Amino acid sequence: MPTATQDTWPLATPRIRIAPSLLAADFARLADDVAKIEAAGAEILHLDIMDGHFVPNISFGIPVIEKLRQVSRLFFDTHLMITEPVRYAEPFVKAGSDLLTFHIEVSHEPLRVVDHIRGAGARVGVTLNPGTEVSALREVVASVDLVLVMSVWPGFGGQTFIASTLDKCRALRGLLRADQRLEVDGGIGPDTVAAVVRAGADTLVAGSAVFGRADPGGAMRELERLAGRA
Ligand code: DX5
Ligand code: ZN
């Protein structure tokens, strides 16, 4: 059985955190972009891994994480949009991922996936697509460190926030302990950030709204300010 996760971990303290998504960064200048958000006080870097099977797109992989690990102390929050999370868990952890989030849609025995990721040495998140009900997480929700609610269909940055996500956040908040994070991913920006926080989310992925701006550090701080007004 997966172990309980009430011990201390870097994101155990509830706080609103923006998790900039590398997907919207300048891929010719990744280290520079990461340094900008780190200097602005970020704690988390969200890393979107796409395999061209689970989602109709391919992003980047293990060697990129390995290299970024050498230049960054951020918490590497790795979102596996891949059909075989168990197969690749160990190499992603070895490369420097601190947490691996797997999709419930490809996991018939989710508790075994949780065990496997923990065994590889990382914290564990589980996520669900916009078309998947919260009840799909029933078996696994107490055993993970983080639940990620997709607020767009995964595969691409820059999409429009799906409003029904807010009901899912409210439902999940009631199921999670204080040391478990509730993360939302897709379409988060100045117009949506306060609503997701009011619905109970604490960890807010933002790609285009951070790295798509001329001043990523300033854009991240502005999102934090707007989230604080919720
Ligand atoms: C989508 C990814 C997201 C994406 C968010 O498949 O999981 O993390 O980078 O991008 P924005 O913030 O631009 O919607
Ligand atoms: Zn993501």
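Check the entry above for the structure.
Here goes a summary of the coordinates provided.

The rules behind each value
- Residues numbered from 1 in each chain as written.
- Chains lettered and ligands numbered in written order.
- Predicted model: local features only at pLDDT ≥ 70, side-chain atom pairs only at ≥ 80, totals over all residues.
- Heavy atoms only, no water.
- Salt bridge = Lys/Arg side-chain N within 4 Å of Asp/Glu carboxyl O.
- Helix = DSSP H or I, 4+ residues; strand = E, 2+ residues; numbered from the N terminus.
- Buried < 20%, exposed > 50% of the residue type's maximum accessible area, 1.4 Å probe, protein only.
- Arc of directions from axis to C-beta.
- Contact = heavy atoms within 4.5 Å.

Some points on the pattern of salt bridges
(1) Moving on: A complete count under the given rule lists 15 salt bridges for this structure.
(2) Moving on: Residue Asp-145 pairs with Arg-118 through a salt bridge whose shortest N-O separation is 3.0 Å. With Asp-145 in the loop between β5 (123–128) and β6 (146–150) and Arg-118 in helix α4 (residues 110–120), the pair connects residues that are 27 residues apart, well separated along the chain.
(3) Moving on: One connected set of salt bridges, linked through shared partners, spans Arg-15, Arg-17 and Glu-43.

Some thoughts on helix α1 (residues 30–39)
(1) Moving on: Among all positions of α1, only Leu-30, Asp-33, Val-34 and Ile-37 are buried. Around the axis of α1, the buried residues are gathered within 95° of arc, so they sit on the same side.
(2) Moving on: On the buried face of α1, the contacting elements are β1 (17–20), β2 (44–50), α2 (62–69) and α7 (216–228).
(3) Moving on: A positive phi of about 100° marks Gly-41, the residue just after α1.

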